[in-house]
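# Structure at a glance
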2 protein chains.
Amino acid sequence: MNILFIMYDQLRYDYLSCAGHPHLHTPNFDRIAAKGVRFTNAYVQSPICGASRMSFYTGRYASSHGAQWNGYPLRVGEMTLGDHLRDLGMDCWLLGKTHMKADAKGMARLGLSPDSLIGARQADCGFDAWVRDDGLWGTGPDGDYDQKRSPYNEYLKSKGYDGDNPWADYANAGVSNDQIASGWMFMNADKPANIREQDSETPWLTSEAIRFIDVAKMPWCAHVSFIKPHWPYIVPAPYHDMYGPEHILPPVRSLQELKNPHPVLKAYHDTKVAQAFQRDDVRAKVIPAYMGLIKQCDDQLGRLLDHLEATGQMDDTMIVLTSDHGDYLGDHWLGEKDFFHEASVKIPLIICDPRSSADATRGTTCAALVEAIDLAATFVDAAGGEVPDHIIEGRSLMPWINGEGPEDWREFIISEYDYSVTPRADALGVTPRDARMMMVFDGRWKMIHFEGGFRQMLFDLETDPHEINDLGEDTEHFDQIARLYGYLGQWGRRMSQRVTMSDTDIRAARGRSLRRGILPFLVDGSEVAPELTKKYTGSARQKH
Amino acid sequence: MNILFIMYDQLRYDYLSCAGHPHLHTPNFDRIAAKGVRFTNAYVQSPICGASRMSFYTGRYASSHGAQWNGYPLRVGEMTLGDHLRDLGMDCWLLGKTHMKADAKGMARLGLSPDSLIGARQADCGFDAWVRDDGLWGTGPDGDYDQKRSPYNEYLKSKGYDGDNPWADYANAGVSNDQIASGWMFMNADKPANIREQDSETPWLTSEAIRFIDVAKMPWCAHVSFIKPHWPYIVPAPYHDMYGPEHILPPVRSLQELKNPHPVLKAYHDTKVAQAFQRDDVRAKVIPAYMGLIKQCDDQLGRLLDHLEATGQMDDTMIVLTSDHGDYLGDHWLGEKDFFHEASVKIPLIICDPRSSADATRGTTCAALVEAIDLAATFVDAAGGEVPDHIIEGRSLMPWINGEGPEDWREFIISEYDYSVTPRADALGVTPRDARMMMVFDGRWKMIHFEGGFRQMLFDLETDPHEINDLGEDTEHFDQIARLYGYLGQWGRRMSQRVTMSDTDIRAARGRSLRRGILPFLVDGSEVAPELTKKYTGSARQKH
């Protein structure tokens, strides 16, 4: 069996018709949901691209792998999905974005060249790169944002788009008065991107995926990782005007949230992006573009699925659809992600296992508390391996997919956010070390703990599903807070770094030294079998 | 300046005359204490050789580096003292024991050969090995305990000691009725080891250290790491009969400790070694040998110090004397280490900095709460470096040594113990994952937390300095317990794996992407300096 692990970037959990969006029809997502299991309580380990992805790829919490924000290198030697799957005879390929930054210092210390096979995998998060494109190609006064080459920009140039950076000038820009109308600016979000639709990013990567599928040696795991619907929010025709004001859902927000807000939340209210999304005109421009980008993703997903069907590979391929985090779009007076409301931290997750073992659950939903790190475990399990649970902290979802839900499933979700590199750390006067927050969510109660001396926040999603009432200072709920801190403490004490010894290794090591001549704590030797001591009592020796 | 980092194995904090032992005179330890600072509240990160040492060498807590018991490999790429000091131009040498096990799987995955310089350092815990000898050379029905060569056994053979393993047959055995009387058996502890005193382990390693000092290129850090006074408890003449019954301190224990003991403590009471040390005849045999071994260590320390003085290097060398953990010797009805009473978890620590900056503190003691991980930070600081505090979790002791105690010193000590590989895990019915315990000690209150559902233990060292009364179930002290759990939670949330980004790196990264053409969240572009956007508005383009 193959694994087609498709990730969209910044796709909200609720912007799919199978998840209940009233205006955005995504028949191809729905098609997989109808054949698989849709997990309705799936959360990322960090609501930010880089950290979230490193958790997906390692199966480990952000504070376990340490790459806690975009551009924070993943330490050399940290094991990834690719390491685990290759040990099981399954190749592990990358098509698209990882947001991985190599640990260049660590690699140099260990003498690993990025040009070697081992070095390249270390630098590409354990994947073999079919085509790697991280999808953000900026150039400014200080030079290029991303030093790597952009296969997508090369493609555009080959198609006749001019300039150094057609990604910025065509794929992510419209035209206004014969000038580039940059997609960086929300006011341009309603324009069609100045690019033939088939040359835009999502169709391009879909074509790469089809090319890959046609030649790849089975069994493979392919991480097809789209940059969209991530910003810049601009989409080519006809998607740019498929949605209008009547399709924009009202923002989930209340004036109450602006009264005495938590200082860290307040700092996020004050960001440029939040202030933009607090404006109706911005939402009116951006949300239809965002929906158009998703609609394009869905159409291209259909193209890919049709190809799998046409080539007879649908029955051999597990299909996984997910996202690295959501998008506030103005909910809670916020834009982007970076905080722990559902719009940001919850993700779509649909898994279709073609094997008959999964027949019982086709078309169902599963409300178990699922974490992004569960996918690495799931893939290892699906590929026939034993999950190395001393390394991968997630748990396999296969029991859910097979309709045999385990009895002892986790009781809480942890998600983390490290804002040390952001201006919020300065604005709040916290050190890089303290610029961290953690969510504990048990399915009803969601607590956010902040380092740096701030109070906690608390929401009761049963009575307040929109997360409007912050109960963090409410003495009535101190028992819940204490209980959730208990979970956080338990998680903090987890065994995350004993990665060189499995439980099996440990059990096998018990008592071994005794039979290798290490015999401590004998009073007179009669305590152990004679064979263990005879060497030391059997012969006369020269006296020194 | 050089750093002479001397470690004794299993040396109790209180078996030195400078620390108050009434019968054991250790003038050479005292000589360094008189010239330096003796830290009277120094604790190991784990009361077991391997885990403790990996914490000394990495400057990181046991659950941060993951090598949580003897023989649990230190993961490849984990940075050590050697990495940090070499970056500062100081070589870092090993003479003696580390108890490091290489992460062979991890090294193979990264293509590192143990024969290469990089591979050898990975396998030797970051040190360059002048002479590595882990000091336990057993052979039994299943073969050799340690697969490496033993330079000490080779030395013994060169001196005419016969057999495959003269370490076991001579250095750690006496003679009785012309037969080997193995030092593994406590009943033989009063016999003189069947070896010329100058050929025994401590003088041998001291000679190696002298050889090293005479040729080493300055500046160096040398970890001279003695196996003694670690068991087997047997010592050559004249040390074997220097101490008698009149020098044995009564055990620190009470019958009260045997009433309703904590289940994990009970499991330790039931071990072979504990039961042996509960016997007066065993203590009568072993403790004089243990004291003799320490006395020999002291004499050899004198020899080394004299050599430094004679060669004029005393003024260029920081001298550090410490141990990897203590030895119960029957206290609390226990033997060995493995638990958190002071006899086990507290260590001697004496540091003499020859520089005039340390003159103000010569001959003083310091009662600050010190952890073993502080040494790595201290050495980096002493060598003129900035402590990489995103990697090294300990803190430099130099402010204390220079008499400028910092205002915000730590409020609590953490020590951990992983008993997953021991028969106690089976006896208690806990999984390898839950076979862990953690101590939190704030200088007065010592709490021990146990994974696996056991209750905590609590001691008040102010009213109960001998740690007899376990208050863990005492409702009167639940506020203290909650406070200490607060510390444990704080520690559990520490940032231990963000090792690829220093605070300086993070501060430097702020805002960088904006000047590299990543311009998200602009409404119309007027929000930023024109130079950041002009590329996108300046020229007409072909319309696609």
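Going by the annotation in an unreviewed UniProt entry, the name recorded for chain A is Sulfatase-like hydrolase/transferase, with Marivivens donghaensis given as the source organism.

## Details of the packing of aromatic side chains
Pairs of aromatic rings are described using the distance from one ring centre to the other and the angle between the two planes. Evaluated as defined, the whole model comprises 62 aromatic pairs over all chains. Ring centres 6.4 Å apart and planes at 40° place the aromatic pair A:Tyr155 and A:Trp204 in the tilted group. Separated by 49 residues along the polypeptide, A:Tyr155 in helix H7 (residues 151-158) and A:Trp204 in helix H9 (residues 201-215) bring together distant segments of the chain. One aromatic cluster in this structure is built from A:Tyr268, A:Phe339, A:Phe340, A:Tyr417, A:Tyr419, A:Phe450 and A:Phe454. We note A:Arg494 situated over the ring of A:Trp491; from NZ or CZ to the ring centre the distance is 4.0 Å. The ring of B:Tyr13 has B:Lys346 sitting right over it, with the charged end atom 4.9 Å from the ring centre.

## A look at the sheet that holds strand S12 (residues 346-347) of chain B
Residues and elements named next belong to chain B. Ordered by their spatial adjacency, 3 strands build an open sheet running S12-S3-S15, and the pairing between neighbours is mixed. Each of the sheet's edge strands pairs with one partner strand only, and the pair in question is S12 and strand S15 (370-371). As paired elements, strand S3 (residues 42-43) and S15 share 2 bridges and run parallel to each other. When the bridges of S15 are listed, Tyr43 appears paired with Glu371.

## Some points on the packing of helix H9 (residues 201-215) of chain B against helix H12 (residues 280-310) of chain B
Residues and elements named next belong to chain B. Between H9 and H12, the shortest axis-to-axis distance is 10 Å and the interhelical angle comes to 15°. Taken together, the axes of H9 and H12 lie roughly parallel to each other. Here H9 runs over H12; the crossing is right-handed. Here Thr202, Pro203, Thr206, Ser207, Ala209, Ile210, Ile213 and Asp214 of H9 come into contact with H12, specifically with Gln296, Cys297, Gln300, Arg303, Leu304, His307 and Leu308. Taken together, the residues of the contact of H9 with H12 break down into 7 nonpolar, 6 polar and 2 charged.

## A word on unusual backbone geometry
In this structure, A:Pro238 follows A:Ala237 across a cis peptide bond, with omega equal to 5°. Looking at where A:Pro238 falls in the secondary structure, it is placed in the loop between strand S10 (220-225) and helix H10 (263-269). A cis amide bond links B:Lys228 with the next residue in sequence, B:Pro229, at an omega value of 10°. Here B:Pro229 shows up in the loop between strand S10 (220-225) and helix H10 (263-269). Here the phi dihedral of A:Asn177 falls at roughly 50°; this positive angle occurs in a residue that is not glycine.

## Structural notes on the relation of the copies chain A and chain B
Between chain A and chain B, the superposition needs a rotation of 180° and an axial shift of 0.0 Å, giving an RMSD of 0.0 Å. Classification of the inter-copy transformation places it as that of a two-fold axis. Relative to the rotation axis, the closest C-alpha in chain A is found at A:Gly492, a distance of 2.0 Å. When the interface residues of chain A are mapped onto chain B, 99% of them again lie at the interface, so the same face is used by both copies.

## Brief notes about the pattern of salt bridges
A full pass over the atoms with the stated rule returns 92 salt bridges over all chains. The partner of B:Asp128 in a salt bridge is B:Arg86, and the shortest N-O contact between them spans 3.5 Å. Placement of the pair is B:Asp128 in strand S5 (residues 128-132) and B:Arg86 in helix H4 (residues 81-87), with a sequence separation of 42 residues. With a closest N to O distance of 2.6 Å, B:Asp374 and B:Arg410 form a salt bridge. One end of the pair, B:Asp374, is in helix H14 (residues 374-382); the other, B:Arg410, is in the loop between helix H15 (398-401) and strand S16 (413-418), and 36 residues separate them in sequence. B:Arg410 gets classed as buried once you look at its relative accessible area, which sits at 15%. Connected via shared salt-bridge partners are A:Asp124, A:Arg132, A:Asp134, A:Asp146 and A:Lys148.

## Brief notes about H14(B)
All names here are of chain B. Most of H14 sits out of view: 8 of its 9 residues are buried. All of the buried residues along H14 are Asp374, Leu375, Ala376, Ala377, Thr378, Phe379, Val380 and Ala382. Downstream of H14 by a residue or two, Gly384 has a phi angle that is positive, lying close to 95°.

## Focus on the state of the cysteines
Residues and elements named next belong to chain A. This structure, assessed with the given rule, holds 0 disulfides over all chains. Take Cys92: it sits in no disulfide, and the sulfur closest to it among the cysteines is that of Cys221, at 4.1 Å. Cys92 gets classed as buried once you look at its relative accessible area, which sits at 0%. A disulfide-free cysteine, Cys125 has its sulfur positioned 9.5 Å from the sulfur of Cys92, the nearest such atom. Overall, the relative accessible area of 2% leaves Cys125 in the buried class.

## A few points about the environment of B:Gly492
Turning to its location among the elements, B:Gly492 is positioned in helix H17 (residues 478-492). Overall, B:Gly492 belongs to the buried group, its relative accessible area being 11%.

## Structural notes on the pairing of strand S19 (residues 457-460) of chain A
All names here are of chain A. Taking every second residue as pointing to the same face, both faces of S19 are buried, with Met457 and Phe459 on one and Leu458 and Asp460 on the other. Looking at chain direction, strand S18 (residues 445-450) and S19 are connected through 4 bridges and run antiparallel. Bridged to Lys446 within S19 is Phe459.

## Looking at helix H2 (residues 49-58) of chain A
Residues and elements named next belong to chain A. Within H2, 10 of the 10 residues are buried, which leaves the element mostly enclosed by the surrounding structure. All buried positions along H2 are accounted for by Cys49, Gly50, Ala51, Ser52, Arg53, Met54, Ser55, Phe56, Tyr57 and Thr58. One or two residues past the end of H2 sits Gly59, with phi positive at roughly 70°.

## Let's talk about the interface of chain A and chain B
Contacts between chain A and chain B engage 118 residues on the former and 118 residues on the latter. Across the contact surface, chain A and chain B share 14 salt bridges. A salt bridge links A:Asp418 to B:Arg498; the shortest N-O distance between them is 2.5 Å. It is helix H18 (residues 503-509) of chain A that contributes the most residues to the side of chain A that touches chain B, 5 residues altogether. Residues belonging to the side of chain A that touches chain B are distributed by class as follows: 45 nonpolar, 36 polar and 37 charged.

## Quick notes on the sheet that holds strand S12 (residues 346-347) of chain A
One open sheet accounts for 3 strands, arranged S12-S3-S15 (chain A); its pairing is mixed. Two strands close off the open sheet at either side, each with one partner strand: S12 and strand S15 (370-371) of chain A.

## Observations concerning the pairing of strand S17 (residues 436-441) of chain A
All names here are of chain A. The buried fraction of S17 is high, at 6 of 6 residues. Taking every second residue as pointing to the same face, both faces of S17 are buried, with Arg436, Met438 and Val440 on one and Met437, Met439 and Phe441 on the other. Note that strand S16 (residues 413-418) and S17 share 6 bridges and pair antiparallel. Residue pairing across strands places Asp418 opposite Arg436, the latter belonging to S17. Sheet topology note: the S17/S18 ladder contains 5 bridges and is antiparallel. By the bridge assignment for S18, Met437 is matched with Phe450. Linking S17 back to S18 in an antiparallel pair, the connection comprises 3 residues, with Gly443 at a positive phi of about 100°.

## Things to note about the environment of B:Lys101
All names here are of chain B. With respect to the helices and strands, the residue Lys101 is situated in the loop between strand S4 (91-96) and helix H5 (104-109). Between the alpha carbons of Lys101 and Phe226 there is a distance of 18 Å; along the sequence they are 125 residues apart. For Lys101, the residues in contact, after removing those within four places along its chain, are Gly71, Pro73 and Leu74.

## Description of the confidence of the model for chain A
Predicted coordinates in areas of low pLDDT are best not read in detail. Residues and elements named next belong to chain A. Residues with a pLDDT of 70 or more make up 98% of chain A, whose mean pLDDT is 95. Contacts of residues 536-540 to residues separated by more than four positions or lying in other chains number 16 contacts, the stretch itself having pLDDT below 50. Interface confidence for the predicted complex, given as ipTM, is 0.95, next to a pTM of 0.96.

Rules of the game
- Residues numbered from 1 in each chain as written.
- Chains lettered and ligands numbered in written order.
- Predicted model: local features only at pLDDT ≥ 70, side-chain atom pairs only at ≥ 80, totals over all residues.
- Heavy atoms only, no water.
- Phe/Tyr/Trp six-rings, centres within 6.5 Å; stacked < 30°, edge-to-face > 60°.
- Helix = DSSP H or I, 4+ residues; strand = E, 2+ residues; numbered from the N terminus.
- Lys NZ or Arg CZ within 6 Å of the ring centre and 35° of its normal.
- Pairing = 2+ DSSP bridges.
- Axes fitted to C-alpha atoms, helices over the stretch in contact; angles between N-to-C directions.
- Parallel < 35°, antiparallel > 145°, perpendicular 65-115°, else oblique.
- Left-handed = near helix turned anticlockwise from the far one by under 90°.
- Contact = heavy atoms within 4.5 Å.
- Nonpolar A, V, L, I, M, F, W, Y, C, P; charged D, E, K, R; others polar.
- Least-squares fit on C-alpha atoms with pLDDT ≥ 70 in both.
- Salt bridge = Lys/Arg side-chain N within 4 Å of Asp/Glu carboxyl O.
- Buried < 20%, exposed > 50% of the residue type's maximum accessible area, 1.4 Å probe, protein only.
- Disulfide = S-S within 2.5 Å.
- pLDDT = per-residue confidence, 0-100.

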